[in-house]
Amino acid sequence: MTTTEIAQSREAAVARRKRLVRQIFSRSTVYTVLLIGCLVTVIPFVWTLLASFKTHEEIINPTHQTFFPRHFTTENYHTILTDPTLPLARFYFNSAFIAISNVILLSFTSSLWGFVFAKYNFRFKRLLFGYILATMMIPFQVTMIPSYLILLKFDLTNKLLGLVVLSWFDAFGIFLLRQFISSIPDELLDAARIDGATEWGIYWRVILPQLGPVLATYALMVFMWNWNAYLWPLIVLRDVNVRTLPIILTWYNNRHTSDLGLQMAASVLIVMPILLVYLSLQRYVVRGFTLSGFKG
Amino acid sequence: MDTIDLQAYMLYWGMIGALVGASVTPLVYDRRHRNPWTGALIGLFVGVVSAEAFGWLTLRLLLERWSGAALLSLLGCLVLLIPLWWSVPERSRKGFQQRGFVSSSISPLMFYLLTMSIFPFLWAIILAFFDYSPRRVGGPILGLGEDNPFVGLAHFQEMWVGHTRNARMFQNSMNNTLLFAMIILPLNLAITLPLAALIESVHERLKPLFRAVYFLPVVTSSVGVAVMWGYIFHAQYGLLNQALKAFGMTPIAWLQDPRVEILGIPAAMFAVIVAYLWQDFGYNLIIFIAALQNIPISLKDAARVDGASPAQVFLHVTLPLLRPTIMVTSVLTMISSFQVFDIIQVMTNGGPGRIGKTDVVVLEIYKNAFRYERMGWAAAMALVLFVLVLLVTTAQRWLLRTTWEY
């Protein structure tokens, strides 16, 4: 080995080390930034959760505020769960009833109509589908007032049914499922027809089983929209005992404006279920929302 | 019969008759190998006529003696429909089965679109030209006319040049909405784009973890978000003011004081924007991550081989390829921020100040329609919102008419 070769290999080693150092440096900045982002995302949740375990005195104490509760107490939860004016189980039922009914209705109609639009030809199909896509552009606030007047006419306001009967159509769902069903080969349907299946039989026995994961994702999204919905339930459900959880949260907080610990405990109770659903089914949810990016 | 709203019942009868007639009759027609579309039309007509006639007769004849008559009258459509189904003659030609399926499944859809989409939309437009309130007794058609007079373009004129309190509230809410959307959009993109690129660059195993955390606020109910941030921005006990005090600055009454301004925007607006941004950014983030994954790795490799630094690759390769996605998400973000309601209603309810500093259009629509029962005025505002959304969507269409390929 000549001296120049040794010098060259040493130079290469130095360059390699430099590159490594730079890489580690840039990696660590990336992770630091991402972790700071995570902190910003998570701190409001943690702050709320911790505040719900603080005593009232501790929260309103102007001088000694700490992040973690100094006197850990479950008193706030106890107050909420034993409040006779707040039958919490009833409100959980209301929210769940509306969300689950809508999930069942919309899963059925969206898959059926998605199937029809994907696999059949009929007159005015393009026009009809174009109109369905166009409805996604109309803001809900425009049709909100007449929709309310229709419900009023049918005496469906202040009833849970009022939030279910009008929602068996979802343009986004039809669009999403049509896209997916288009990729199912026609031969499968023809084979079923030769075996003597009726068209409803094909929908039920051939199409629906194929839809599994997509339908699960869609159902999950419908569930979340309905569980978190605020404006429309606020308009339709005016009696206290038919209300859903988000409306009850604001109603309760307006009655306890000074007691922040109580407010935070109430929000934890109301936000928690959906977060647990999300954390356990995280992959489906994220995929669903990614698909919905093409909405509109 | 004065205890029963006859008009409502007539609507019930008609709708049930139309639904049953138009969805079952095609099946029967199809079974007998006749054209199901004819079946749907005939069924619709027979169903509605029968429902109205027999519903009215049942109510008229039986209601005084038996309260169940009201329920029974809903079945009036069956009186003529069942004989119709029975009497459809068989035809020997085959092959209508598919059309039967299509028409019996599409008829309910058309029924829904007519009654719950086209009709309310037209009604919303008509309402904007009337001084309508559901409390007042109006004319026979939709309660319009008489005490709910036609006012023509008066609502729009008032919005544009009016000096009444209503008009000032609307103009203020429009300004606030536009300000809100104009601040949200660039901030949202400035956060989500680099963050998406960073997440895309980390180890494959860690990606889902970061994505899951960043997505948490999106699935949280917006009321919950508003309550949490309301506490953080709380004037006396909030986390933010504690931090300000700790750094020796004067605390701010974020949500109550109309005079304080942060960087030229009202403090309350600032607080609302932070809360909204915090809830919303995860949504665009995952869309950008998905778009980044679709970019062929070979393009980035080619740039890297040519000696481009990671920042250069991002700026000159990735970003141009993301352009369509950025465009679409920008429009969606903008439209949804035009429609902001939940967070503002809970955190500030449009305040502070008499002409609210965070009052937005949807909040004005809600208050006017359902608190003050000025539905005509509210419908006119909703129409303006609709035009705004339409303009943004059309602009997007126009900008996206070229197709990108890579």
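Keep in mind the model is a prediction, meaning the values are calculated, not measured.

Across its full length, chain B holds 16 helices and two strands. For a compact globule of 406 residues, the expected C-alpha radius of gyration is about 22 Å, and chain B comes in at 29 Å, more than 25% above that figure. For chain B, the C-alpha atoms occupy an extent of roughly 80 × 60 × 40 Å along the three principal directions. Expressed as a percentage of the 406 residues in chain B, the buried residues total 53%. Once local pairs closer than 6 in sequence are excluded, the contacts in chain B between residues at least 24 apart make up 67%.

Here the focus is the interface of chain B and chain A. Between chain B and chain A, the residue contacts involve 92 residues of the former and 86 residues of the latter. For the pairing of chain B and chain A, the buried interface totals around 8,100 Å² over both sides, and the portion due to carbon and sulfur atoms is 78%. The largest contributions to the chain B side of the interface with chain A come from Phe101, Tyr231 and Phe370 of chain B, which together make up 10% of the buried area. Summed over the shared surface of chain B and chain A, the result is zero salt bridges. The element that contributes the greatest number of residues to the side of chain B that touches chain A is helix H5 (residues 97–127) of chain B, accounting for 23 residues. A per-class count over the side of chain B that touches chain A returns 70 nonpolar, 17 polar and five charged.

Another aspect to go through is the pattern of salt bridges. Residue and element names in this part refer to chain A. One pass over the full model with this rule turns up six salt bridges over all chains. Ionic pairing is found between Asp190 and Arg193, a salt bridge with its closest N-O pair at 3.0 Å. Note that Asp190 and Arg193 are positioned in helix H8 (residues 186–194) at a spacing of three residues, about one turn of the helix. Taking relative accessible area as the criterion, Arg193 reaches 23% and is therefore assigned partly exposed. Through salt bridges with shared partners, a single ionic network connects Asp190, Arg193 and Glu199.

Residue and element names in this part refer to chain A. Applying the stated criterion across every chain yields a total of two cavities of 30 Å³ or more. If you trace the second largest cavity, you find it lined by Ile80, Leu86, Leu88, Ile248, Tyr252, Ala266 and Ile270. Taken together, the elements giving at least two residues each to the lining of the second largest cavity come down to helix H11 (245–255) and helix H12 (260–280).

Turning our eyes to something else, we now look at the packing of helix H1 (residues 6–31) of chain B against helix H2 (residues 36–62) of chain B. Residue and element names in this part refer to chain B. Where H1 contacts H2, the axes come no closer than 6 Å and their chain directions differ by 145°. Crossing hand, H1 versus H2: right-handed. Split by residue class, the contact of H1 with H2 holds 15 nonpolar, eight polar and one charged.

This next bit is on the domain arrangement of chain A. Residues and elements named next belong to chain A. In terms of domains, chain A is made up of domain 1 (3–74) and domain 2 (78–294). Centre-to-centre, using C-alpha coordinates, domain 1 lies 38 Å away from domain 2. If you look at the interface, domain 1 gives eight residues, while domain 2 gives ten residues. Buried surface at the junction of domain 1 and domain 2, both sides included, amounts to about 680 Å², of which 76% is carbon and sulfur. The largest share of the area that domain 1 buries against domain 2 comes from Thr48, Ser52 and His56, three residues that together contribute 47% of it.

For the structure on display, the rule yields 40 aromatic pairs over all chains. Consider the rings of Trp200 of chain A and Phe101 of chain B, whose centres lie 5.1 Å apart with planes at 90°: the pair is edge-to-face. Placement of the pair is Trp200 of chain A in helix H9 (residues 199–228) and Phe101 of chain B in helix H5, with the two residues belonging to separate chains. Its relative accessible area of 34% is what places Trp200 of chain A among the partly exposed residues. With relative accessibility at 2%, the residue Phe101 of chain B sits in the buried group. With centroids separated by 6.0 Å and ring planes inclined at 45°, the aromatic side chains of Tyr278 of chain A and Phe215 of chain B adopt a geometry described as tilted. Here Tyr278 of chain A is found in helix H12, whereas its partner Phe215 of chain B is found in helix H8 (residues 207–219) on a different chain. Taken as a pair, Tyr278 of chain A and Phe215 of chain B share a single burial class, namely buried. By way of ring pairs, the aromatic residues Phe108, Phe115, Tyr120, Trp200, Tyr203 and Trp204 of chain A together with Phe101 of chain B are connected into one cluster.

A word on the environment of Leu161 of chain A. Residues and elements named next belong to chain A. Tracing the backbone shows Leu161 in the loop between helix H6 (140–153) and helix H7 (171–182). Residue classification places Leu161 among the partly exposed positions, given a relative accessible area of 45%. The sequence separation of Leu161 and Val236 amounts to 75 residues, and the corresponding C-alpha distance is 10 Å.

As a further point, take the layout of surface pockets. Residues and elements named next belong to chain B. Quantified by volume, the largest pocket comes out at close to 1,300 Å³. Looking at the largest pocket, it is lined by 49 residues, and the ones nearest its centre are Met15, Phe111, Leu114, Thr115 and Phe119. With 13 residues, H5 is the largest single contributor of residues to the lining of the largest pocket. Here the lining of the largest pocket is composed, by residue class, of 32 nonpolar, twelve polar and five charged. One number sums up the size of the second largest pocket: a volume of about 1,000 Å³.

Here we come to the nonpolar core. Where a protein is soluble and globular, its nonpolar side chains tend to be buried together. In terms of nonpolar packing, the biggest core is built from 206 residues, with Ile145 of chain A together with Leu109 of chain B touching the most fellow members. Per-element accounting of this core gives the leading share, 18 residues, to helix H11 (residues 267–294) of chain B. For Leu109 of chain B, the residues in contact, after removing those within four places along its chain, are Trp113, Phe117, Leu128, Ile132, Phe169 and Ile174 of chain A. Within the second largest apolar cluster, 16 residues are counted, among which are Val46, Leu74, Cys77 and Leu84 of chain B.

Conventions used here
Position numbers for residues count from 1 along each chain, tracking the sequence in the order it is written. Each chain is given a letter, starting from A, and each ligand a number, starting from 1, according to the order in which they appear as written. Where totals are concerned, whole chains, interfaces and linings use all residues; where local detail is concerned, this predicted model gives features only for residues with pLDDT of at least 70, and gives and counts side-chain atom pairs only at 80 or more. Excluding hydrogens and water, the side-chain figures rest on all heavy atoms present in the structure. Helical segments are the DSSP runs of H or I of at least four residues, strand segments are the runs of E of at least two, and each set is numbered from the N terminus. What the globule rule says is 2.2 Å times the number of residues to the power 0.38, and the radius of gyration is computed from C-alpha atoms. Each residue is assigned to one of three classes by its accessible area relative to the maximum for its type, calculated with a 1.4 Å probe on protein chains only: buried under 20%, partly exposed between the two thresholds, exposed over 50%. Here, two residues are considered to be in contact whenever any of their heavy atoms come within 4.5 Å of each other. In short, buried area is how much 1.4 Å probe accessible area vanishes from two parts on joining, totalled over both. We define a salt bridge as a contact between a side-chain nitrogen of Lys or Arg and a carboxyl oxygen of Asp or Glu at a distance within 4 Å. Side-chain classes are defined by residue name, with Ala, Val, Leu, Ile, Met, Phe, Trp, Tyr, Cys and Pro counting as nonpolar, Asp, Glu, Lys and Arg as charged, and the others, Gly among them, as polar. Definitions used for this entry: grid spacing 1 Å over protein atoms alone; cavity, a set of points where a 1.4 Å probe fits but cannot get out; pocket, an open set with protein on both sides within 12 Å along at least 5 of 7 lines; lining residue, one with an atom within 4 Å of a point. Grid points are joined across faces, edges and corners, and a volume is the space filled by probe spheres set on the points. Fitted lines through C-alpha atoms serve as axes, helices being fitted only where they are in contact, and the angles separating the N-to-C directions of these axes extend from 0 to 180 degrees. Less than a right angle of anticlockwise turn of the near helix away from the far helix marks a crossing as left-handed, whereas a clockwise turn marks it as right-handed. For each domain, the first and last residues come from an automatic or database assignment. Pairing of aromatic rings covers Phe, Tyr and the six-membered ring of Trp, with a centre-to-centre limit of 6.5 Å; geometry is then stacked below 30 degrees between planes, edge-to-face above 60, and tilted otherwise. Here, the term nonpolar core denotes a set of buried Ala, Val, Leu, Ile, Met, Phe, Trp, Tyr and Cys residues that are joined through side-chain atoms within 4.5 Å.

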